[in-house]
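# Secondary and tertiary structure notes
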Amino acid sequence: MQLNKFLTKRYRTSLFTQMYWLLWRNIIVNIRSPMALRVQLIQSIFVALLFGIIYFKLKINQKGIQNITSLLFLCESNNSFGSIIAVINTFPAEIPIFIREHQNRMYRVISYYLSRVLIDLPIFVVIPIIFVTIIYWMSDLSREGNRFIICICIIILVAQCAVSFGTFLSAVSPNTNTALALTGPILAPFMIFSGVLLNSEDVPTYFLLLRYLSWFSYGTENLLVNQFEDIETIECDYPEDPDCLRRFEKGIEVLDFYKLDPNNFRINTICLIILTIGWRLLAFMTLIIKSRRR
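Residues numbered from 1 in each chain as written. Predicted model: local features only at pLDDT ≥ 70, side-chain atom pairs only at ≥ 80, totals over all residues. Heavy atoms only, no water.

This part covers the environment of Ala86. Counting through the fold element by element, Ala86 comes out in helix H4 (residues 62–87). In the structure, Ala86 is positioned 81 residues away from Thr167 in sequence and 9.6 Å away in space, judged by C-alpha atoms. In this structure, Ala86 is in contact with Gln40 and Phe124, ignoring residues within four places of it in sequence. (Helix = DSSP H or I, 4+ residues; strand = E, 2+ residues; numbered from the N terminus. Contact = heavy atoms within 4.5 Å.)

At Lys57, a residue that is not glycine, the phi angle is positive and equals roughly 50°. By the secondary structure assignment, Lys57 is in the loop between helix H3 (35–54) and H4.

Attention shifts here to the packing of aromatic side chains. Within the structure shown, the criterion is met by 20 aromatic pairs. The interplanar angle of 15° and the centroid separation of 6.1 Å between the aromatic rings of Tyr107 and Tyr112 together place this pair among those described as stacked. Considering the side-chain rings of Trp215 and Phe216, the 5.4 Å spacing of their centres and the 25° angle between planes classify their relative orientation as stacked. Through successive ring pairs, a cluster of aromatic residues spans Phe73, Phe165, Phe168, Phe190, Trp215, Phe216 and Trp279. (Phe/Tyr/Trp six-rings, centres within 6.5 Å; stacked < 30°, edge-to-face > 60°.)

Relative to the helices and strands, Ser217 resides in helix H11 (residues 215–228). Residues within four places of Ser217 in sequence aside, it is in contact with Phe193, Ser194 and Arg211.

The next subject is the pattern of salt bridges. Evaluation of the coordinates by the stated rule reveals 6 salt bridges. Between Arg25 and Glu101 there is a salt bridge, and its shortest N-O distance comes to 3.2 Å. Linking Arg25 in helix H2 (residues 15–32) with Glu101 in helix H5 (residues 90–103), this pair joins segments that are 76 residues apart in sequence. One salt bridge in this structure joins Asp140 and Arg143, with 3.0 Å as the shortest N-O distance. A relative accessible area of 51% places Arg143 in the exposed class. One salt-bridge network, held together by shared partners, links Glu94, Arg116 and Asp120. (Salt bridge = Lys/Arg side-chain N within 4 Å of Asp/Glu carboxyl O. Buried < 20%, exposed > 50% of the residue type's maximum accessible area, 1.4 Å probe, protein only.)

As structure tokens, then:
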């Protein structure tokens, strides 16, 4: 009784009632305007098939190392960009309505924000699963143990982190054009510090903060560790040639080349979760500030 009284204080309904109806409204909007979701799904499948055709049946040899590394980085980048673009227009389009309804005591900021988070959550779980499933088997990546499931989980975490960042960018930007203009310049250094485009040990000290904020850094390391850690033999490009040289003989040598450590897998996963929550909290705080405008 006291909890219900607290939750309804200053508002017309309780927190849970507010969330229920906000979720219902968002679901109705998505049902009546399904085009955006359809385009997102079709685009994801098309890109996955395209990547799958280009990187079809990759071999574990010297040339294949570069191809596999590039494919995994592209998977991470595509899901990051796609997730951000999908949510970048969320708040600029809804802020005027949100402020008016909130100031009329129809619902709390947290009710509105959590309803947006919950409505987006399943979308950015299902799409990465479909995307990775298509590419993984077409490109013939590692089939040992549960590598496939781990790869899906990493991409889902990357997508969730990107959605959180996109949500924050959407919340702080006055309009969609500004948010889109900021996306490229901010994502570029994040991608550079992934460990693939620039060796992790060569990151300048004054850019370390950007590296720590880059989910590409954590995601790429985990994806490559998941793929190469247990590979015991990497073939020569031309096995019939007795003088054929092998730069990499084992998967661990590939990880050493990129200065990646399998022992970082767990901490990388934790960092991805922390970044996801951190960007979400910053977006929520931004909405609180905007909700107090008159």
